[in-house]
Structures are given as C-alpha cells and as structure tokens.
Amino acid sequence: MRHLLLAAAAAAVLAAPVAAQQAVEPGVPSILQWSPEQQKAWYPAIETVYRVNTIKAGKAKPLPKAGKQLPDALSDAYMAENNVSGFLVLKDGKVVAERYALGRKPQDRWTSFSVAKSVTSTLVGAAIADGKIKGEDALVTDYIPELKGSGYDGVTVRQLLMMSSGVKWNEDYTDPNSDVARAGTAISEPGVNPLVSYMRKLPRANEPGTKFTYNTGETDLVGILVSNAVGKSVSEYASEKIWKPYGMERDAIWVTDLAGHERGGCCISMTLRDYGRLGQFMLDGGKAAGKQVVPPEFVTRATTPQITNGAPERGYGYFWWMPVSGAFEGRGIFGQSVTVFPEDRIVIVLNAAWPEATKRERSMARTAFLNNVREAAKGL
C-alpha cells in the first residue's frame, strides 16, 4: 500500500498545463519531451526557451560550511543513477554536503517545475501578514472577481491552497482533451487571463474543502490571486518579501503564461543554495532579517497535514507535500525536491534531469536516499 501511495504522489507532481507558457522562439518541443541534451542545456537556462520575469535578489546571506561534512560516497551512486545536477544538505543552517554534476556550477540556476507551488503558497502567507489578503477564509472571488458566478463561488483561499475547491478537474497528462492539457493555452477572452477564462467555465464536482484533487490550474490561480491582492507581480512581491530580506544569492526567474503573468504552479529557477535557503526560510518559521514575513501559524498549517481525503501519504498542506517520514516537501517532476525534516533541523535539496517526468521506482529510490542522508546528517 505504501508503494502505491508513493506512486500516486509521484504522478501528482506533473507540471502542467505544459503549453500555457510562451516560448521565446516558435517550434520549441514540449518541456515534457526534452531530450537529455535539451534538459542539460535548458534546465539551467530556461529563460532562453520561455518568457520569464525576474525575482531580484539583494545582498546574499552566507550559508556557512559545517566543520564535518557528509562523505561523497553517500551520494555518488544515487547522483549517477538519477542524473542529479545538484545535491545540498543543510543542518542547523550550515552546509554539510554540496555537490554538482552534469556540468552545473554553483552560480547556475535550475528549473523547479512544481516546487514553485510551495513558493506561491508562501507568498499567500506574506500577503495575509501585510493585510492584502483578509485571511485564509477570505473568498477567492474577492481577489479574482472574474470568477463570480462560477464553480468558485464560496470557495476560500484556504480551500484553494489545500487543492480542495470542489471544482471538477481532469489532470490526465495522456489525454489531449483533459483540463490540464487545455487550460490557459489560448487567449479566448481579451482582457481576461486565459487560465481564469478557462477555469471559470468548469462545473463543481464536490463540496469545497471536502476532497483533495491535484489541480495545477488552481495553483496558477493562486498566483493570480496574490498579484491582484498586492497590486504587483508575484516576482516583485517574492523579491520584496523573501529574496531580498532573506538573502538569496542570485536573481531567480519565473516562467510566465500567455498573458505575461507568472505561472503560480510551475517553473521558478534558482541556484542550488537558494533552494536550500527557501527550505531554511520555512524551517525558520517564515522569518527574514529579524522580521516575521509569514505568520507563524500560517507556516505551521502550510507544512503540516490539512487534508487527507483523496491525498496521498500523510495528507497535504498548503502546496507542500507530507511524506510518511514526517518531513514537509516541495516537489517537481524530473527529480526536483526541497525536503525539510523539522525535528532534525535538516534541509535536503535535489535537482535532477530524470529521463522520465515521474516513475515509481525513482520516487521510491529518492525516498530511500533522503532517509539515508537524514540519518547520516543526524550523526554529524
């Protein structure tokens, strides 16, 4: 049963809609079908393929190196077998392992796929702290008025963050007519974001808040909700609330949709160390530069199970996964993950270019590897 749950969780992190972003040049193949050579070239330079916005960094916060380091032998085989480009482990905020491969250098960014969802939910918390969003129980239609009269009437921000809006959604990546394949891929109503235009036509299938249904389209909606609430792009807001105050070391980039809005559900690119800082920011309770950026109670709910009905493993938080290990985790296809073990004060980052978007055997191998690294780091 545990294997089946892991497989279900792996299948759920597929990034989509894959055609909702705008290519720089025509004829770019689907990101789900890039060759190993294209992955190696484009994952660290996705801005050469798709249109992006920039999350500006400020002065970098040092990540000191611990006196004791994990041995390279611990990660040699896993990195080689799974096309890992970057592996980072922080314990108590200090680096105990940092390795690169596939030609990647420390200053190189790498795309996150659905790890971006976890950033988007964190920005909701920041907007609540700023008074720009009234609270988790505020109505979605208060911030995206184009959704009034749709299946999103009465749906709260919290229900969106739990992927439990109750709106009918088909996330079948093998079906070209599924919602995930069609949403946001064409501008059908001038002046309305194409994703909003598509999703306001969807019917309701369940009572809001009662069932988890993995829905990448709704994570893009949350990005739109945040930017509408704060009156600026989510890239600008992420720079203001996280990148500059927490001390990210390099500008990040965020892929945009056909309307030029960042994809709330996909494709932020940052350095390996900045992924580590993101995990540490959440582990530190949402504080930056001595200030509470995200309310501590929001951080707690975001990173602990909030809904179990329909959700794999221990449940689902606010765009964070809840592995059976007790960690909380941001996940993306092709081997991206930011895993935080709160009890042990450990953050583990993996960036990779798996040959497949997801595969049960690879997901199980990653889980085993993460657990082995955790145990080794605890002993330092």
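Right, let's walk through the structure included here. (Residues numbered from 1 in each chain as written. Predicted model: local features only at pLDDT ≥ 70, side-chain atom pairs only at ≥ 80, totals over all residues. Heavy atoms only, no water.)

## Concerning the packing of helix H4 (residues 115-129) against helix H9 (residues 234-246)
Consideration 1: Contact geometry for H4 and H9: axes closest at 10 Å, N-to-C directions at 75 degrees. Considering the angle they form, H4 stands roughly perpendicular to H9. Where H4 approaches H9, its residues Val-119, Thr-122, Leu-123, Ala-126 and Ala-127 are matched on the opposing element by Val-234, Tyr-237, Ala-238, Lys-241, Ile-242 and Trp-243.
Consideration 2: Looking at side-chain class alone, the contact of H4 with H9 contains nine nonpolar, one polar and one charged residues. (Axes fitted to C-alpha atoms, helices over the stretch in contact; angles between N-to-C directions. Helix = DSSP H or I, 4+ residues; strand = E, 2+ residues; numbered from the N terminus. Parallel < 35°, antiparallel > 145°, perpendicular 65-115°, else oblique. Contact = heavy atoms within 4.5 Å. Nonpolar A, V, L, I, M, F, W, Y, C, P; charged D, E, K, R; others polar.)

## A few points about the sheet that holds strand E6 (residues 268-271)
Strand pairing within a sheet occurs via backbone hydrogen bonds; the two strands may be parallel or antiparallel.
Consideration 1: With respect to topology, four strands assemble into an open sheet ordered E1-E5-E6-E4, the strand pairing being antiparallel. If you trace the sheet from one side to the other, it starts and ends with strand E1 (52-55) and strand E4 (109-111), each paired once. Neighbour to neighbour, the strand axes of the sheet diverge by 25 degrees on average, direction disregarded.
Consideration 2: Where strand E5 (residues 252-255) meets E6, two bridges bridge the pair, whose relative direction is antiparallel. Paired with Trp-254 across the two strands is Ile-268, which belongs to E6.
Consideration 3: In the packing of helix H10 (residues 272-283) onto the sheet, the strands contacted are E4 and E6, and the crossing angle to E6 comes to about 105 degrees. (Pairing = 2+ DSSP bridges.)

## Brief notes about the state of the cysteines
Consideration 1: Overall, the coordinates contain one disulfide when judged by the stated rule.
Consideration 2: Residue pairing for Cys-266: its cysteine sulfur links by disulfide to Cys-267, the two sulfurs lying 2.0 Å apart. Take Cys-266 and Cys-267: they sit in the same class, and that class is buried. (Disulfide = S-S within 2.5 Å. Buried < 20%, exposed > 50% of the residue type's maximum accessible area, 1.4 Å probe, protein only.)

## Let's talk about the packing of aromatic side chains
Consideration 1: In this structure the tally under the stated criterion is 16 aromatic pairs.
Consideration 2: Residues Phe-87 and Phe-369 carry aromatic rings whose centres are separated by 5.3 Å and whose planes lie at 55 degrees to one another, so their mutual orientation is tilted. Of this pair, Phe-87 sits in strand E2 (residues 84-91) while Phe-369 sits in helix H12 (residues 360-378), and the two are 282 residues apart along the sequence. In this pair, the class of Phe-87 matches that of Phe-369, namely buried.
Consideration 3: Centre to centre, the rings of Phe-212 and Tyr-316 are 4.8 Å apart; their planes meet at 55 degrees, and the pair counts as tilted. Of the two residues, Phe-212 is situated in the loop between helix H7 (194-199) and helix H8 (216-230) and Tyr-316 in the loop between helix H11 (296-302) and strand E9 (328-332); the sequence distance between them amounts to 104 residues. We note that Phe-212, like Tyr-316, is buried.
Consideration 4: Connected via pairs of aromatic rings, a cluster forms that spans Trp-34, Trp-42, Tyr-43, Tyr-50, Trp-110, Phe-113 and Phe-334. (Phe/Tyr/Trp six-rings, centres within 6.5 Å; stacked < 30°, edge-to-face > 60°.)

## Digging into the packing of H4 against H8
Consideration 1: Interaxial distance between H4 and H8 falls to 10 Å at its minimum, and their mutual angle equals 30 degrees. Our pair here, H4 against H8, has a crossing hand that is left-handed. Together, Lys-117, Thr-120, Leu-123, Val-124 and Ala-127 of H4 and Thr-216, Thr-219, Val-222, Gly-223, Val-226 and Val-230 of H8 make up the contact between the two elements.
Consideration 2: A per-class count over the contact of H4 with H8 returns six nonpolar, four polar and one charged. (Left-handed = near helix turned anticlockwise from the far one by under 90°.)

## Some remarks on the nonpolar core
Consideration 1: Counting residues in each nonpolar core, the largest one holds 82 residues, and the members touching the most others are Val-124, Ile-133 and Trp-243.
Consideration 2: Among the elements that line this core, the one with the most residues is H4, at eight residues.
Consideration 3: Sequence-distant contacts of Trp-243, that is, excluding residues within four places in its chain, are made with Ile-55, Lys-56, Ala-57, Gly-58, Val-119, Ala-238, Met-248, Arg-250, Ala-252 and Met-270.
Consideration 4: Membership of the second largest hydrophobic core comes to 36 residues, among which are Cys-267, Ala-327, Ile-346 and Ala-377. (Core = buried A, V, L, I, M, F, W, Y, C linked by side-chain atoms within 4.5 Å.)

## Points about helix H3 (residues 73-81)
Consideration 1: For H3, the complete set of buried residues consists of Ser-75, Tyr-78 and Met-79. Taken end-on, H3 shows its buried residues confined to a sector of 100 degrees, consistent with a single buried face. Exposed side chains of H3 directed beyond 90 degrees from the buried face belong to Ala-73, Ala-80 and Glu-81.
Consideration 2: Residues of H3 that are buried sit in contact with E2, strand E3 (94-100), strand E11 (346-352) and H12.
Consideration 3: The positive-phi residue at the C-terminal boundary of H3 is Asn-83, with phi of around 50 degrees. (Arc of directions from axis to C-beta.)

## Some remarks on the pairing of E5
Consideration 1: Residues Ala-252 and Trp-254 of E5 are buried on one face, and the alternating residues Ile-253 and Val-255, pointing to the opposite face, are buried as well.
Consideration 2: Sheet topology note: the E1/E5 ladder contains four bridges and is antiparallel. The partner of Thr-54 across the bridge, within E5, is Ile-253.

## As for unusual backbone geometry
Consideration 1: Residue Asn-83 is not a glycine yet carries a positive backbone phi of 50 degrees.
Consideration 2: A positive phi angle, near 55 degrees, is found at Glu-313, a position not held by glycine.
Consideration 3: In this fold, Glu-313 is placed in the loop between H11 and E9.
Consideration 4: For Glu-313, a relative accessible area of 14% puts it in the buried group.

## Let's talk about H4
Consideration 1: Taking 1.5 Å of rise per residue, 15 residues should cover 21 Å, and H4 covers 22 Å from first to last C-alpha, within 8% of that figure.
Consideration 2: Burial within H4 is extensive, with 14 of its 15 residues counted as buried.
Consideration 3: Among the residues trailing H4, Gly-131 stands out with phi positive, at a value near 75 degrees. (Expected span 1.5 Å × (residues − 1).)

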